[in-house]
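Descriptive analysis of the structure
Take a look at the letters that make up each chain.
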Amino acid sequence: MSEGTFRTPYAPNPGSSTPGPQVGPTEGISELWGFFWLALLNTLVIAVAGVVTWFLVH
């Protein structure tokens, strides 16, 4: 599917599964990088909170 085409989010007939949304390669890669950095940031926040808690307990 090319970058500019549109795919409907609705099922073609009753009872069938809904087709997934179409995402172009450029948008998909940028979203994957966004999720990667968000996951890294979340891991860092959890690690810092764990270290701070460990220091407060000991």
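Residues numbered from 1 in each chain as written. Predicted model: local features only at pLDDT ≥ 70, side-chain atom pairs only at ≥ 80, totals over all residues. Heavy atoms only, no water.

**A look at the packing of aromatic side chains**
- Applying the stated criterion across every chain, the model contains four aromatic pairs.
- Measuring from centroid to centroid gives 6.5 Å for Trp33 and Trp37, while their planes differ by 25°, and the two rings are stacked. Residue Trp33 and its partner Trp37 are both found in helix 1 (residues 25-57); the two are separated by four residues, about one turn of the helix.
- The exposure class of Trp37 is exposed, given its relative accessible area of 51%.
- Here the aromatic rings of Trp54 and Phe55 are separated by 5.3 Å at their centres, their planes lie at 70°, and the arrangement is edge-to-face.
- On the basis of relative accessibility, which here comes to 49%, the residue Trp54 falls in the partly exposed class.
- For Phe55, a relative accessible area of 57% gives the class exposed.
- What links up through ring pairs into an aromatic cluster is the set Trp33, Phe36 and Trp37. (Phe/Tyr/Trp six-rings, centres within 6.5 Å; stacked < 30°, edge-to-face > 60°. Helix = DSSP H or I, 4+ residues; strand = E, 2+ residues; numbered from the N terminus. Buried < 20%, exposed > 50% of the residue type's maximum accessible area, 1.4 Å probe, protein only.)

**Here we look at a nonpolar patch on the surface**
- On the surface, a cluster of nonpolar side chains totalling about 810 Å² of accessible area is made up of Phe35, Leu38, Leu41, Leu44, Val45, Val48, Val52 and Leu56.
- Mapped onto the elements of the fold, Val45 is located in helix 1. (Patch = residues over 30% accessible without salt bridge, like charges linked within 9 Å, V, L, I, M, F, W, Y side chains within 5 Å. Areas by Shrake-Rupley, 256 points an atom, 1.4 Å probe, with all protein chains shown as cover. Salt bridge = Lys/Arg side-chain N within 4 Å of Asp/Glu carboxyl O.)

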